[in-house]
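Structural characterization, general
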Amino acid sequence: MEILIRDSLEAGAQVAASVVSKIIKSEDKPVLGLATGGTPLRMYHELIRMKQSGELSFQNCTTFNLDEYAGLSREDERSYYFYMMSNLFDLVDIDKNNVHLPDGNAKDLREACRKYEQQIKAAGGIDLQVLGIGANGHIGFNEPTGSFASRTWVKILSEQTMQDNSMYFDKLEEVPRHVVTMGIATIMESRHCLLLANGAKKADAIRKMIEGPISASCPASILQMHPRVTVVLDEEAAYLLTFKDHYKWVEKNKLEWQRY
Ligand code: GLP
């Protein structure tokens, strides 16, 4: 894993945006896996700025989002579809025909999940998968103890995640219990993962992900087995890392071509 620790949220967002823009510029038909939540918002702002300044175009991009709530309509402001449209897709030059999110409203959710996996495959797989992390170590909506072999499927949220995500809803009871998420195996097949985490609330999950044993108790820990992961942290999310100074040392001493 490549661990990049930054002392401001802006600096972290800039590194993250530069990893994304590098992929967009280097591939003819870049395929991006995207995430929602509070964490990637600054990175999206930076990507929109790059588009507006003419540095970057999303015209050739195809995207697949990680997850979606089941039962919320696309027009619902709390759906991840609405989030992606208002925070990125409506503000850049992407062809909306190339935008994909799991369909949490499909009549046949299981069939929709199978179709989503096929669409990712047909696009040639994901070049770069952006990830956040839950305070309990989840990636996408893959909660602790779920299978590392999982594929896009309908999952049930843990009570902790419902609690954590309730800030986007009026009441806890309104948080959907069911979600559709790429599975761990789907995420592991992407060619490069970019995981972002900020704040002390994520520090324990980050420690387990990077330095803990690989265990389904912390789903993100499977990323230790992925050949190419870039992790961008602020100081607070990094504060429990035993080898924090080593990660900074490694970054300082990288050869030019080894840098993100
Ligand atoms: C949600 C999403 C995840 C996201 C995580 C962290 O449950 N399903 O994909 O990475 O929580 O969210 P935040 O960035 O708001 O802390």
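Bear in mind that the values here come from a model prediction, so they are computed numbers and not experimental data.

The environment of the ligand is formed by 13 residues, the closest being Gly-38, Thr-39, Asp-67, Phe-141 and Lys-202. Here an oxygen atom of the ligand and a side-chain polar atom of Thr-39 are 2.4 Å apart. The separation between an oxygen atom of the ligand and a polar side-chain atom of Lys-202 is 2.6 Å. Contact with the protein chains hides 91% of the accessible area of the ligand, taken as 390 Å² for the molecule alone. Of the residues that constitute the shell around the ligand, the class distribution is four nonpolar, seven polar and two charged.

Should their charged atoms come close, side chains of opposite charge can pair. Scanning all chains against the criterion turns up 18 salt bridges. Note that Glu-251 and Arg-6 form a salt bridge whose closest N and O atoms lie 2.7 Å from each other. In this pair, Glu-251 sits in helix α9 (residues 244-252) while Arg-6 sits in strand β1 (residues 2-6), placing the two residues 245 residues apart along the sequence. Taken as a pair, Glu-251 and Arg-6 share a single burial class, namely buried. A salt bridge links Arg-78 to Asp-76; its shortest N-O distance comes to 3.0 Å.

Moving on: the nonpolar core. Nonpolar side chains tend to gather and get buried jointly when the protein is soluble and globular. Of all hydrophobic cores here, the largest spans 74 residues; its most connected members are Met-43, Leu-194, Leu-195, Met-209 and Leu-233. Broken down by element, this core gets its largest block of residues, seven residues, from helix α1 (residues 9-26).

Strand pairing in a sheet is mediated by backbone hydrogen bonds. Such pairs are either parallel or antiparallel. Reading across from one edge, β1-β10-β9-β6-β2-β3-β5 is the order of the seven strands in this open sheet, with parallel pairing throughout. For this open sheet the edge positions go to β1 and β5 (99-100), each flanked by a neighbour on one side alone. Relative to strand β10 (residues 229-234), strand β9 (residues 193-197) runs parallel, the two being bridged by five bridges. When the bridges of β10 are listed, Leu-196 appears paired with Val-232.

Once that is clear, we can look at the packing of α1 against helix α2 (residues 41-52). Orientation of α1 relative to α2, taken along the N-to-C sense of each, is 60°, at an axis distance of 8 Å. With respect to their mutual orientation, α1 and α2 come out oblique. Note on packing geometry: the crossing formed by α1 with α2 is right-handed. Touching Leu-9, Glu-10, Ala-13, Gln-14, Ala-16, Ala-17, Val-20 and Ser-21 of α1 are Arg-42, Met-43, Glu-46, Leu-47 and Met-50, all from α2. Looking at the contact of α1 with α2 residue by residue, the class counts come to eight nonpolar, two polar and three charged.

Counted by the stated rule, this structure contains five aromatic pairs. When the centroid spacing of 5.7 Å and the interplanar angle of 80° are considered together, the rings of Phe-64 and Tyr-116 count as edge-to-face. Of the two residues, Phe-64 sits in strand β3 (residues 62-65) while Tyr-116 sits in helix α4 (residues 109-122), which places them 52 residues apart along the sequence. Judged on exposure class, the residue Phe-64 and its partner Tyr-116 are both buried. Their ring planes at 45° and their centres at 4.9 Å tell us that Tyr-69 and Tyr-80 sit as a pair that is tilted. Of this pair, Tyr-69 sits in strand β4 (residues 67-69) while Tyr-80 sits in helix α3 (residues 80-87), and the two are eleven residues apart along the sequence.

This paragraph deals with the sheet that holds strand β7 (residues 153-156). Spatial ordering of the open sheet is given by β4-β8-β7, a layout of three strands whose pairing is antiparallel. Taken across any chain shown, the strands that pair with only one partner, and hence form the sheet edges, are β4 and β7. Along the sheet, successive strands turn relative to each other by an average axial angle of 30°, direction set aside. Bridge count for β4 against strand β8 (residues 178-181) is three bridges, and the pairing is antiparallel. Paired with Asp-67 across the two strands is Thr-181, which belongs to β8. In the packing of α4 onto the sheet, the strands contacted are β7 and β8, and the crossing angle to β7 comes to about 120°.

So, about the pairing of β3. Taking every second residue as pointing to the same face, both faces of β3 are buried, with Thr-62 and Phe-64 on one and Thr-63 and Asn-65 on the other. Inspection of the sheet shows strand β2 (residues 31-34) paired to β3 by four bridges, in the parallel sense. Among the inter-strand pairings, Gly-33 is bridged to a residue of β3, identified as Phe-64. Of the crossover connections in this fold, the one passing from β2 over α2 to the parallel β3 is right-handed. Of the strand pairs in this sheet, β3 and β5 are connected by two bridges, and their pairing is parallel. If you follow Thr-63 over to β5, its bridge partner there is Val-99.

What counts, and where the lines are drawn
Each chain carries its own residue numbering, running from 1 in the direction its sequence is written. Restriction of local features to residues with pLDDT of at least 70 applies here, the model being predicted, together with a cutoff of 80 or more for giving and counting side-chain atom pairs; totals for whole chains, interfaces and linings are based on all residues. With hydrogens and water set aside, each side-chain value is computed from the structure's full complement of heavy atoms. For each residue, the test is whether any non-hydrogen atom lies within 4 Å of the molecule or strand; if one does, the residue is near. Any N or O atom pair separated by 3.5 Å or less is treated as a polar contact, with the protein-specific requirement of one donor-capable and one acceptor-capable atom, and with residues adjacent in sequence counted only for side-chain atom pairs. Note on areas: Shrake-Rupley with a 1.4 Å probe; residue coverage comes only from the protein chains shown. Ten residue types, Ala, Val, Leu, Ile, Met, Phe, Trp, Tyr, Cys and Pro, are classed as nonpolar, four, Asp, Glu, Lys and Arg, as charged, and the remainder, Gly among them, as polar. A carboxyl oxygen of Asp or Glu within 4 Å of a side-chain nitrogen of Lys or Arg is what we treat as a salt bridge. Secondary structure counts use DSSP, requiring at least four H or I residues in a row for a helix and at least two E residues in a row for a strand, with both numbered from the N terminus. Working definition: with a 1.4 Å probe on protein chains only, accessible area under 20% of the residue-type maximum means buried, over 50% means exposed, and in between means partly exposed. Throughout this description, the term nonpolar core refers to a set of buried Ala, Val, Leu, Ile, Met, Phe, Trp, Tyr and Cys residues connected via side-chain atoms within 4.5 Å. Strand pairing is defined by DSSP finding a minimum of two bridges between the two strands. Inter-axis angles, ranging from 0 to 180 degrees, are taken between N-to-C directions of lines fitted to C-alpha atoms, where helices are fitted over the stretch in contact. For classification, angles of less than 35 degrees are called roughly parallel, those exceeding 145 degrees roughly antiparallel, those between 65 and 115 degrees roughly perpendicular, and all remaining angles oblique. We call a crossing left-handed when the near helix sits turned anticlockwise from the far one by less than a right angle, and right-handed when that turn is clockwise. Should any heavy atoms of two residues lie within 4.5 Å, those residues are considered in contact. In summary, the pairing rule links any two rings of Phe, Tyr or Trp, Trp by its six-membered ring, whose centres are within 6.5 Å, and it sorts them by plane angle into stacked for under 30 degrees, edge-to-face for over 60 and tilted for everything else. For the handedness criterion, the strands are oriented away from the viewer, and a crossover whose path from the first strand over the helix to the second runs clockwise is classed as right-handed.

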